[in-house]
Structure formats: C-alpha cells, structure tokens
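As a plain string of letters, each chain reads:
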Amino acid sequence: MRINKQFFSSLRWRIAFAYLMVIGIGFFIINVSIMEILEQNLIEDKKITYQKYAIQLAQIIANGYYDRDPNIYYLIREFGNDIDQVEGESTRVLLLNINGIVEQDSYQSTNLLRRNLMEDYQEVSGVLKGTSVPARDLYILTGEPAEYKRVLYAFAPITHYREGIIGMVFLSASLDAIELILSDIRTTISFFSATISFSIILISLILSGFITHPIKELTAGITRMSKGHLNQRVNIRGSGELRQLGEAFNVMSEQLENLDNTRNEFVSNASHELKTPLSAIKVLAESLLNMEVEDPAVYKDFLTDINFEIDRLNAIITDLLILVQMDKEDTVRSRFKKDPVLLNELVQRTMKGLQLLADQKNIRLELFDEEEVIVPGDRLKLQQVISNIIDNGIKYTPEGGRVTIEVYNTPNFGVVKVSDTGFGIAPEELGHIFDRFYRIDRARSRSTGGTGLGLSIAKRIVMLHNGDIRVQSEGNRGTTFRIELPYDDQERIE
Ligand SMILES: Nc1ncnc2c1ncn2[C@@H]1O[C@H](COP(=O)(O)OP(=O)(O)OP(=O)(O)O)[C@@H](O)[C@H]1O
Ligand SMILES: [Mg+2]
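Please read all numbers here as calculations on a predicted model, not as lab measurements.

Rules behind the numbers
- Residues numbered from 1 in each chain as written.
- Chains lettered and ligands numbered in written order.
- Predicted model: local features only at pLDDT ≥ 70, side-chain atom pairs only at ≥ 80, totals over all residues.
- Helix = DSSP H or I, 4+ residues; strand = E, 2+ residues; numbered from the N terminus.
- Rg over C-alpha atoms; globule rule 2.2 N^0.38 Å.
- Contact = placed C-beta atoms within 7 Å.
- Domains from an automatic or database assignment.
- Pairing = 2+ DSSP bridges.
- Axes fitted to C-alpha atoms, helices over the stretch in contact; angles between N-to-C directions.
- Left-handed = near helix turned anticlockwise from the far one by under 90°.
- Nonpolar A, V, L, I, M, F, W, Y, C, P; charged D, E, K, R; others polar.
- Expected span 1.5 Å × (residues − 1).
- Buried ≥ 20, exposed ≤ 12 C-beta atoms within 10 Å, placed from the backbone.
- Parallel < 35°, antiparallel > 145°, perpendicular 65-115°, else oblique.
- pLDDT = per-residue confidence, 0-100.
- Core = buried A, V, L, I, M, F, W, Y, C linked by C-beta atoms within 7 Å.
- Near = placed C-beta within 6 Å.

**Quick word on the overall build of the protein chain**
Item 1. Counting secondary structure elements, the protein chain contains 12 helices and 12 strands.
Item 2. In terms of C-alpha radius of gyration, the protein chain reaches 53 Å, well past the compact-globule figure of 23 Å for 494 residues.
Item 3. For the protein chain, the proportion of contacts with a sequence separation of at least 24, taken over those separated by at least 6, is 63%.

Below, the structure written as structure tokens:
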C-alpha cells in the first residue's frame, strides 16, 4: 500500500502518466474524427446511390404503372434483388399511389399493403407534390427481440409524360453491411489504441527511468553524505542538465571532503604544534624538579628555556585565534570594515619595524614607490600581511642578501611586490606554502621560530579583501610575492 502510494507520487510515474495523457488524448481525438468522417462518407455515398436507384426505377416503371401492368410486381422484385446483390444490403421496394397508399411491395408481405404512409413519413407528401426530397438515414426499432437498426430511405416520384406525378417509389435499405464494416474498423482501432497505449506506458516508464535514475542516484548520494560519508561520487552519464547536476554534485562532495580532510589535518597539526613546546616545557620542568643543584644560574638557564617555549606557545595560539576569527569574518563578509589605506605608509612603517632583524643578518631592505597607492581595507590586517611577507623574505634569505619592496598601481588594483635573494622555493612546494602549518624545511624553519601559519593568515586576509596573492620562485635565486588589492569593493569573479 505504502509502496504503491510512493510509486504513484514518483517523478517516474508522473512523467509516464503525462506522456500517456498527451498521446492518449491525441489518439482519442484522431480515432473519433476518423470514425466520424468514414461513417459520413460511406452513408452519404449510399444515400446518393439509392437516390439514383429510386429515380431509375421510377422511370422504368412509369408507363407500366400508369397502365396498371401486372408485371410491374416482378419488375420491382427483380430490381430490388439486383440492388441487394450490388450493394450487399437487403432492399425493400415500395410503390405508393398519388395518395401515399402502398400498392406494391417487393417483400410481398401484406403488413404494409394498402397502408397510407403519408403520416408515418413526412417526406411522402413532399415527393408527391413534386418537391425534391433527399434520402435519409435513421435508426428504427425492429425485430424480435427489438433492437435499433440503421436504415436508409430514398424516394422518387413516378412521373407520367401526360399526367404528371402519378405515384412514387419508396426504397428502404438496411445499413447492416456498413454498420458491420464500421464496427470492424472500430474494433481494430480500439485494439491498436489499447496496444499502443500500453506500449506508451511501458516505453515511457523505461524512458522516465533513464531520466529519474540519476536523480535517484544523487538523492542516495546526498542521503549518505548527510550521514557523514563525504566520499560520495555519482556516475556521470548522458548530457544536459542532469549531467551538469551530477558534475556539480561531484565537485561539491569533493570540496566538502577536502574541507573535511583539511579540518582534520588542521586539528591534528595544531595539536602537534602545541604539543611540541608543551613537551619541551614538561621535560625542562621535570629535570629542574629532579635536580639537586644549588646554583641559581642553572635554574635561570632552565627557566629562560621554559620562557622561550611559553612565548612560542603563545605565538601559535595567537595565530590560531587570528585564523579562527578570520574564518568567522569570511561568513559575515558584509560586516568587514574597510577604510582607505595608503599602502606606501603601511610598507614604510613595517620596514621600520623589521629593520633591526634585517640589520642582524646584514640584509639590505629597499623600497621603490613612485606613486601613492590607496586601497580600501583593514589597516591592521593589511599590515600583518606585509609584515609577514617581508619577515619571510628576511628569514629565508642568507646573510648579505637583499629584500626589495615595490609599491605601485595597476588599472584594477594596487600592488605590493616583495622580492628576496634567498633560498627560493622548489616548484613542487609552491602549491603548499599557503597551507596551514606548512614549512618547507622544518629544522630550518624552527630555528627561525616560524609556526607555518604566517602565509595562510596572509592569504586569508588578502582573500577577505577580494584580492590575490601570487608567488614566483626560482630555487636558490630568490622568491617574489605579489599582493594584489582591488580598488573597488566588488567580489572577484574568476
Ligand atoms: N621568501 C621565502 N623564501 C623561501 N621560502 C619561503 C619564503 N616565504 C615562505 N617560505 C616557506 O614557506 C613556509 C611557510 O611560510 P609561513 O610564513 O606560512 O610560515 P613560517 O614563516 O615558517 O612561520 P610564521 O610566518 O608563522 O612565523 C616557510 O616555512 C618557508 O619554508
Ligand atoms: Mg612567515
């Protein structure tokens, strides 16, 4: 019961039903019209033919009838038989006198003889008066048991060359043969219609199956996905909208899966990164506890190390909080506040802050800014980006190198370009450096105090500004970061 209900409300059944309705109604209309036309034609033909017979007979017998020739009876019987043979319908021939009374009947039965037909058939008086009256078909109740039969009546006046109209011919023919043909055709058409309708249901069920199968598959995929299995992909077949739907689904599930993986990775990386300084602190603290030294210098030494690890812990947590905050802002982008920011000033201020670091490594910091570059943005966040990238430039460039910063305008966005003469980044690493916690050479990075979050934070910030950040590098020759920040607030479509 339940299954039936579901089936009839399914898309598949609805499509099949719609097909059936459209084709079925068309069929019905065509069938009815064909039958109607056929019937009209056949019966109209018969009427004309019988009209001709009546006129013919009236001419043949005009003189004999006037002379009351007794052979006339045989004449009309023969004529009647001839018509029977040619037309295949049993035909009755009546001769009526000028008063409408039956004088001869080819059926020889007496039930009509001497009867006045003027009242029963209104055509009779018309014919006898000389008006031309067309043949007529009608249903009469006859036989035992009584049933409706279709009959045809045709009339013609008997005209004597001197006396004018002296009587009339009244032909009556059953239309059994025609009815038989028509009912045969009706049966055949009904049979074919039924067969075709049945085939339509079958074919349309199969066809609609093709249409709904991918939808079912998608639904199943989505259901499984909502239960947490993100590795769902659907088979993409055919073309058109359903294919696009399937592709969109696959892209979406892949992204969701990636997102999920990234999240998991992030959590495990974060835990790992937090664990490293914590374990160091624990080891240091335990050694201190177990030591029996009196020298305060040793304590100081250990506590300095512990302090360093705590700073590192602090830095990681701060970065993580910034990232989480930024993820939140991404979802409420509209609340992100933007003021005009003079990039030249921002860069100069950042360079001042990092100058000491550069001097320690004997690295030259150079700025090229010939024009003012103003973009809408969040001053503090943008400073963080620039600071991060210049800091990287200094950190990953050996002593005596150079970090060059250019600030300039392009038609659509302001640009800050930071180039260094450092280690460079290998091509296979380029795609990963914006990942959270990603560090190329962990040992070296750790010695420089990095957490591997700097670039991912920078990228998030630039994305929030609808900008872009690109990197170019040649191994051992240096690296160039290019930050593009659009002048207008419009979302970037790529
Ligand atoms: N200018 C550069 N030259 C060579 N390698 C770089 C450069 N900038 C970044 N990298 C590589 O990309 C990695 C990721 O950089 P990112 O700024 O995200 O992290 P980090 O500098 O190690 O740590 P943090 O910036 O959080 O202190 C770095 O560890 C480094 O290996
Ligand atoms: Mg960095």
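Here the narrative resumes, following the displayed structure.
**Overview of the domain arrangement of the protein chain**
Item 1. If you check the domain split of the protein chain, you get domain 1 (11–183), domain 2 (226–264), domain 3 (271–331) and domain 4 (334–486).
Item 2. When each unit is reduced to the centre of its C-alpha atoms, the spacing between domain 1 and domain 2 is 77 Å.

**Section: the pairing of strand S2 (residues 102–105)**
Item 1. Across three bridges, strand S1 (residues 91–97) lies against S2 in antiparallel orientation. From the neighbouring strand, Leu96 faces S2, where its bridge partner is Val102.
Item 2. Linking S1 back to S2 in an antiparallel pair, the connection comprises four residues, with Gly100 at a positive phi of about 85°.

**A closer look at the packing of helix H9 (residues 379–395) against helix H12 (residues 454–464)**
Item 1. As a packed pair, H9 and H12 sit with axes 9 Å apart at the nearest point and diverge in direction by 145°. Considering how the two elements wind past one another, H9 and H12 form a crossing that is left-handed. Across from Lys381, Leu382, Gln384, Val385, Asn388, Ile389 and Asn392 in H9, the residues of H12 making contact are Gly454, Leu455, Ile457, Ala458, Ile461 and Val462.
Item 2. Its residues placed into classes, the contact of H9 with H12 shows eight nonpolar, four polar and one charged.

**A closer look at helix H5 (residues 176–226)**
Item 1. Taking 1.5 Å as the rise per residue, H5 with 51 residues should run 75 Å; its terminal C-alpha atoms sit 71 Å apart, in good agreement.
Item 2. Every buried residue belonging to H5 is among Ile178, Ser204, Ser208 and Pro214, and all of these are buried.
Item 3. Contacts from the buried residues of H5 go to helix H2 (11–66) and helix H6 (241–290).
Item 4. Just beyond H5, the residue with positive phi is Gly228, at close to 110°.

**Some thoughts on the packing of H5 against H6**
When two helices pack together, their arrangement is given by the angle between the helix axes and by the axis-to-axis distance.
Item 1. Contact geometry of H5 with H6 gives a least axis separation of 10 Å together with a crossing angle of 15°. One way to sum up the angle between H5 and H6 is to call them roughly parallel. You can see that H5 and H6 cross each other, and the crossing is left-handed. Where H5 approaches H6, its residues Pro214, Leu218, Gly221 and Met225 are matched on the opposing element by Leu242, Leu245, Gly246, Phe249 and Ser253.

**Some words on the confidence of the model for the protein chain**
Item 1. Of all residues in the protein chain, 95% attain a pLDDT of 70 or more, and the chain-wide mean is 87.
Item 2. Between the elements of the protein chain, mean pLDDT differs from a low of 55, seen in helix H11 (residues 442–447), to a high of 97, seen in strand S9 (residues 402–409).

**Quick word on the nonpolar core**
Item 1. Ala54, Leu57, Ala154, Phe155, Met168, Val169 and Leu171 are the most contacted members of the largest nonpolar core, which totals 32 residues.
Item 2. Broken down by secondary-structure element, the contributors of at least two residues to this core are H2, helix H3 (72–87), S1, helix H4 (122–129), strand S4 (147–160) and strand S5 (164–174).
Item 3. Of all the elements, H2 adds the most residues to this core, at seven residues.
Item 4. Once you skip the residues sitting within four places of it in the chain, Ala54 turns out to touch Ala154, Phe155, Ala156, Val169 and Leu171.
Item 5. Among the nonpolar cores identified, the runner-up in size contains 30 residues, and Val407, Ile433, Phe481 and Ile483 belong to it.

**Let's talk about unusual backbone geometry**
Item 1. Even without being a glycine, Asn362 presents a positive backbone phi close to 60°.
Item 2. Relative to the assigned elements, Asn362 resides in the loop between helix H8 (343–360) and strand S7 (364–368).
Item 3. Positive phi outside glycine occurs at Asn466, with the angle close to 60°.
Item 4. Relative to the helices and strands, Asn466 is located in the loop between H12 and strand S11 (468–474).

**Re the site of ligand 1**
Item 1. Neighbouring ligand 1 are 22 residues; Asn392, Ile440, Gly450, Gly454 and Leu455 lie closest to it.
Item 2. For the shell around ligand 1, the secondary-structure elements that each account for two or more residues are H9 and H12.
Item 3. In terms of residue class, the shell around ligand 1 is made up of eight nonpolar, 11 polar and three charged.

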